[in-house]
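For reference, the chains in residue letters:
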Amino acid sequence: MPNRPCWVEISTRAFEDNYRFLSRLAGPQVELLAIVKANAYGHSLELCAPAAIRAGANWLGVTSVEEGVEARRLCPEARILVISGIFPHDGEDVVRNKLTAVVWDSWQLDILEAAARSLGVRSISVHLEIDTGMSRQGADLASLPSLLASFRRDYPLRLEAVMTHLFAADEADGQVTEDQLSRMNDALITVKASGIHPGILNIGNSAALLSGQASNISKLAARFDMKALMRPGLALYGLVPEYDPQFSSAEPMSLGQARLNLRPVLSWKSQVVSVHSVDAGTVVGYNGTFVATEPMRLALIAAGYADGLDRKLGNHFSLLVRGQRAPVVGRISMDQTVVDVTEIPDVVPGDEVVLIGAQDSEKISSFDHARAAGTIPWEIFTRIASRVPRVAI
Ligand SMILES: *Cc1c(COP(=O)(O)O)cnc(C)c1O
């Protein structure tokens with residue numbers, strides 16, 4: 001535990017178990033790439049990347065070349081996919097660190113080609129992203145033939161995989177995903193016609209995997225004599241995405257299994273710093289947005305919005321103290337928060353406080369934070385500040 005008691009505990013065991021469960025769920029036809037971008041969703045790349053490898057992952061997915069270099073240091077043998085683009089000065093770092101770039105624009109190919117030639121490397125693999133409807137990154141079908149034409153003889157880049165991103169896999173009717181897979185089918189026909197044979201079809205996030213899309217994706221891959229690679233993130237960290245709209249009648253069996261088997265990897269903890277009693281009418285925190293309605297006991301917690309605790313939670317959330325919910329009173333400060341422990345006997349300085357995780361039979365999930373803060377668990381995780389130490393348990 002750090003001197004200032006505000007820290008995150010990471011169960012690398014839960015992470016490994018989650019990977020193994022998802023791998024079984026995906027089935028033997030589908031390989032998984034462990035998404036560890038953004039410091040492993042705030043869980044610590046240093047802890048999670050090696051855990052993914054121990055659990056059997058060959059592939060890691062990171063945002064940038066900077067993250068890729070760090071992942072390479074941690075995992076010398078892993079395949080590392082840089083998923084959110086390479087930039088003009090990235091070429092040589094990609095080649096030297098044996099990173100695999102996702103590309104979709106000809107200038108990205110040029111950067112990699114120049115780096116490979118200047119370092120005398122004859123073959124580097126790339127994954128080509130197709131925009132199948134998200135309009136974020138990826139080549140559209142019209143520009144595909146000219147991009148494919150680059151992969152001629154004596155070209156140092158090898159097209160290892162074709163990739164796309166499903167942007168509505170959490171919509172239970174699956175219609176958008178079906179359309180995207182159909183557009184991918186068209187793209188693969190174009191790739192095949194160009195005479196190039198990439199071996200991997202790289203598609204699908206947690207929501208796709210848990211809703212049973214693995215079979216559709218591996219069927220599409222098999223049609224083009226490719227192997228499917230799926231890219232779960234959130235589920236590896238133990239969360240089951242919410243589907244909206246929800247599954248109307250029976251939800252897929254894979255989803256039920258996921259609810260039973262996935263375990264949250266991260267707990268966020270702090271401690272009570274001090275406890276004091278106040279009279280009715282006492283105001284609490286900036287601008288006195290809370291006024292004690294009766295004599296109360298208040299506990300000061302060493303965590304604030306600079307640690308990533310959303311300021312919107314002031315007066316609207318509870319933290320766990322001694323296995324009970326202690327309501328946040330007043331505004332959350334930069335480094336501190338006050339909770340009401342009037343109903344919780346015997347609270348003393350040093351008592352553990354849970355911001356995310358379980359304490360006795362009570363639990364606070366990152367979904368609870370997300371709902372209260374008007375966002376999604378991905379953001380809750382990734383904005384836990386870097387000053388909050390991540391400790392392996
Ligand atoms: C973040 C990301 C994923 C993982 O998404 P989850 O919903 O967390 O499973 C997969 N693919 C790409 C391209 C991503 O950016």
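Not measured: the values here are computed from a predicted model. (Residues numbered from 1 in each chain as written. Predicted model: local features only at pLDDT ≥ 70, side-chain atom pairs only at ≥ 80, totals over all residues. Heavy atoms only, no water.)

Moving on, we come to the sheet that holds strand S9 (residues 227–230). With respect to topology, 8 strands assemble into a closed barrel ordered S2-S3-S4-S5-S6-S7-S8-S9, the strand pairing being parallel. Strand-to-strand twist in this sheet, taken as the mean axis angle between neighbours without regard to direction, amounts to 30°. Relative to strand S6 (residues 124–129), strand S5 (residues 99–103) is paired through 3 bridges, and the arrangement is parallel. The partner of Ala 101 across the bridge, within S6, is Val 126. (Pairing = 2+ DSSP bridges. Helix = DSSP H or I, 4+ residues; strand = E, 2+ residues; numbered from the N terminus. Axes fitted to C-alpha atoms, helices over the stretch in contact; angles between N-to-C directions.)

On to the environment of His 127, then. Within the secondary structure, His 127 sits in strand S6. Judged by relative accessible area, His 127 falls into the buried class, the value being 0%. Residues His 127 and Val 82, spaced 45 residues apart in sequence, show a C-alpha to C-alpha distance of 9.3 Å. The contact partners of His 127, leaving out residues within four places of it in the chain, are Trp 59, Leu 81, Thr 100, Ala 101, Val 102, Val 103, Glu 160, Ala 161, Asn 202 and Leu 229. At 3.0 Å, the side chain of His 127 and the side chain of Glu 160 are in polar contact. (Buried < 20%, exposed > 50% of the residue type's maximum accessible area, 1.4 Å probe, protein only. Contact = heavy atoms within 4.5 Å. Polar contact = N/O pair within 3.5 Å; in protein donor to acceptor, adjacent residues only side chain to side chain.)

Our focus in this paragraph is the pairing of strand S2 (residues 30–35). With respect to burial, S2 is a largely interior element, 5 of its 6 residues being buried. Here S2 pairs with S9 via 3 bridges, running parallel. Residue Glu 31 lies in a different strand from S9, and its bridge partner there is Leu 229. As paired strands, S2 and strand S3 (residues 59–62) are joined by 3 bridges and run parallel to one another. Across the sheet, Ala 34 pairs through a bridge with Leu 60, a residue of S3.

Turning next to the pattern of salt bridges. Under the counting rule described, the total for this entry stands at 23 salt bridges. Residue Glu 70 is joined to Arg 73 by a salt bridge in which the shortest nitrogen-to-oxygen separation is 2.8 Å. Remark: Arg 73 and Glu 70 occur in helix H4 (residues 65–74); sequence separation between them is 3 residues, near one turn of the helix. On the accessibility criterion, Arg 73 (53% relative accessible area) is exposed. Put simply, Glu 113 and Arg 117 hold a salt bridge, and the shortest N to O gap is 2.9 Å. Highlighted residues: Glu 113 and Arg 117, both in helix H6 (residues 106–118), separated by 4 residues, approximately one helical turn. By relative accessible area, which is 16% here, Glu 113 ends up buried. Judged by relative accessible area, which is 45%, Arg 117 ranks as partly exposed. Several salt bridges converge on common partners, so that one network encompasses Arg 13, Glu 16, Asp 17, Arg 20, Arg 54 and Arg 263. (Salt bridge = Lys/Arg side-chain N within 4 Å of Asp/Glu carboxyl O.)

With that out of the way, let us pick up the packing of aromatic side chains. Summed over all chains, the structure comprises 4 aromatic pairs. Taking 5.4 Å as the distance between ring centres and 55° as the angle between the ring planes, the aromatic pair formed by Phe 15 and Tyr 237 counts as tilted. Of this pair, Phe 15 sits in helix H1 (residues 12–26) while Tyr 237 sits in the loop between S9 and helix H11 (253–261); the two residues are 222 residues apart in sequence, bridging distant segments of the chain. On the accessibility criterion, Tyr 237 (0% relative accessible area) is buried. Here the aromatic rings of Tyr 41 and Tyr 237 are separated by 4.8 Å at their centres, their planes lie at 20°, and the arrangement is stacked. With a gap of 196 residues between them, Tyr 41 in helix H2 (residues 37–41) and Tyr 237 in the loop between S9 and H11 connect regions that are remote in the sequence. Exposure class is identical for Tyr 41 and Tyr 237. Each is buried. Site record: aromatic cluster; members linked through ring pairs are Phe 15, Tyr 41 and Tyr 237. (Phe/Tyr/Trp six-rings, centres within 6.5 Å; stacked < 30°, edge-to-face > 60°.)

Within a regular beta strand, the side chains point alternately toward one face of the sheet and then the other, so they alternate between its two faces. Within strand S1 (residues 6–10), 5 of the 5 residues are buried, leaving the element largely enclosed by the surrounding structure. Neither face of S1 is exposed, since Cys 6, Val 8 and Ile 10 on one face and Trp 7 and Glu 9 on the opposite face are all buried. In this sheet, strand S19 (residues 390–392) lies alongside S1 in parallel orientation, the contact comprising 3 bridges. Across the sheet, residue Val 8 finds its bridge partner in S19, namely Arg 390.

It is worth spelling out the domain arrangement of the chain at this point. Domain boundaries assigned for the chain yield domain 1 (12–252) and domain 2 (266–392). Taking the mean C-alpha position of each, domain 1 and domain 2 sit 38 Å from one another. Domain 1 puts 11 residues into the contact, and the matching count from domain 2 is 11 residues. A combined buried area of about 1,000 Å² lies between domain 1 and domain 2, and 73% of that area is made up of carbon and sulfur atoms. (Domains from an automatic or database assignment. Buried area = accessible area lost by both parts, 1.4 Å probe.)

Moving on: the site of the ligand. Around the ligand sit 14 residues, and of these Lys 37, Tyr 41, Ser 206, Gly 233 and Trp 378 come closest. A distance of 2.8 Å separates an oxygen atom of the ligand from a polar backbone atom of Leu 234. In the environment of the ligand, an oxygen atom lies 2.8 Å from a nitrogen or oxygen atom belonging to the side chain of Trp 378. Here the ligand loses 91% of its free accessible area of 380 Å² to cover by the protein chains. (Near = heavy atom within 4 Å. Areas by Shrake-Rupley, 256 points an atom, 1.4 Å probe, with all protein chains shown as cover.)

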